[in-house]
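Overview (structure and organization)
Here are the chains, one letter per residue:
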Amino acid sequence: MAVEKISFLNIRKTSEAHYKFIPQTNIIIGQNGVGKTTIIETLFLLSTSKSFRKKQNRALLKEGKKHIQAKGSFINKTEKKTIKILIEKNKKTITKNKEKIKKTSDLLSENPMVCMSPEEVDIIEAYKGEKIKYFDKIIFKTNKNYIENIKTYNKFLLYRNLLLEQQKPTEVWDEQISKEGIIVWKERKRNIKELIKTFKKVQKKIGAEEYEIEYISSEIEEKQKYIEKLQKKENREKTKTGPHADTFVFRKNKKNLQEHGSQGEKKLFKHILKLAEAEFLKKQNKTVPILLLDDFFDKLDSKNIMKIFVYFHCKFQTIITTTETNEDIIKKTLGVEEKQIKIIKCQ
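Residues numbered from 1 in each chain as written. Predicted model: local features only at pLDDT ≥ 70, side-chain atom pairs only at ≥ 80, totals over all residues. Heavy atoms only, no water.

Below, the discussion takes up the nonpolar core. Counting residues in each nonpolar core, the largest one holds 63 residues, and the members touching the most others are F135, F250, F269, F296 and F312. At ten residues, the largest contribution of residues to this core is made by helix 5 (residues 171-206). Leave out the neighbours within four places in its chain, and F269 touches I124, F199, Y211, I213, F250 and L257. F8, L46, I83 and I85 belong to the second largest nonpolar core, which has 33 residues in total. (Core = buried A, V, L, I, M, F, W, Y, C linked by side-chain atoms within 4.5 Å. Buried < 20%, exposed > 50% of the residue type's maximum accessible area, 1.4 Å probe, protein only. Helix = DSSP H or I, 4+ residues; strand = E, 2+ residues; numbered from the N terminus. Contact = heavy atoms within 4.5 Å.)

Quick look at the structure:
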């Protein structure tokens, strides 16, 4: 699936805007503060109904305005569709070809996108709960049932912790939470295994075989053992056992990337992870996702820029933003033909 064009009203500082894209690589250029990231954010909004920024949708609405509207035209070999989102008075209306989409989970599979931006949560620096959410959101794009599994598990977890605070029995919820926890663990483990396998393949192709992702989980596969674990002393004040306690560790040359990695090494890792996510979604969903790379050239040397660019160019439709405004320098750095790249000036 590729995006042909978008238009939007009242997002961030932009009152109205219209943009067209080619199926290969699109580079949005402009100085800081002119709205480049807003274009990326609008595309992501049309894919997920949410912003990737940490503050999410609350600050999306342009000051003094009452509603947000975003519309995108998407196409592949067999289908053409228009996705429209209207947000007014905290009410969100989503349509596909003028037909209402009732659930956000139904939107996720329509036009999958993979976004990397300095504005999103930093997966390397994030605490363990945010790391789990990051990977769960990838799985959400391939399995709508998993979204409900996570929601149900978190609801049971909240109820159990409230009972613990009130020093009340938890047996009824132990039964429920163990059942749902086993489902979450099984699905997460299966998908993470595939994603890590894909990550290794991508970094091998790029020539950066020094990174490692370790998924740390204390999975319990049998319901009775799970219940027994929940009823031990360590889980009597707060629930410490379950999928919510999982985490990840990232390494480069066997050393913790968060503690020992340079800014350039961390950014290269995150790019490889995003490319792995794109390949994972492509395989699972049988459709090619769109890549959104905000501030692509920042903190990457020319050698690594070329490694990443050569991998995704013409393989995925890609939309990049950069503060570099010299078109000749950009094309020379990337070494691409005129017809395979579109420069979009944002002023």
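Back to the text.
What follows concerns the side chain of K131. Structurally, K131 can be placed in helix 3 (residues 128-140). Among all residues touching K131, those that are not within four sequence positions of it are I123, I124, A126, T247, F248 and F250.

An order of 8-12-13-3-14 is seen for the five strands of this open sheet, with the pairing classed as parallel. The open sheet has two free edges, formed respectively by strand 8 (113-116) and strand 14 (341-345), since each of these has just one partner strand. Taken over all neighbouring pairs, the strand axes of this sheet differ in orientation by 15° on average, direction set aside. In this sheet, strand 14 lies alongside strand 3 (residues 25-29) in parallel orientation, the contact comprising five bridges. Counted as the bridge partner of I29 is K345 from strand 14. Contacts between helix 8 (residues 263-285) and the sheet are confined to strand 8 and strand 12 (290-293), with strand 8 contributing the most and set at about 175° to the helix. (Pairing = 2+ DSSP bridges. Axes fitted to C-alpha atoms, helices over the stretch in contact; angles between N-to-C directions.)

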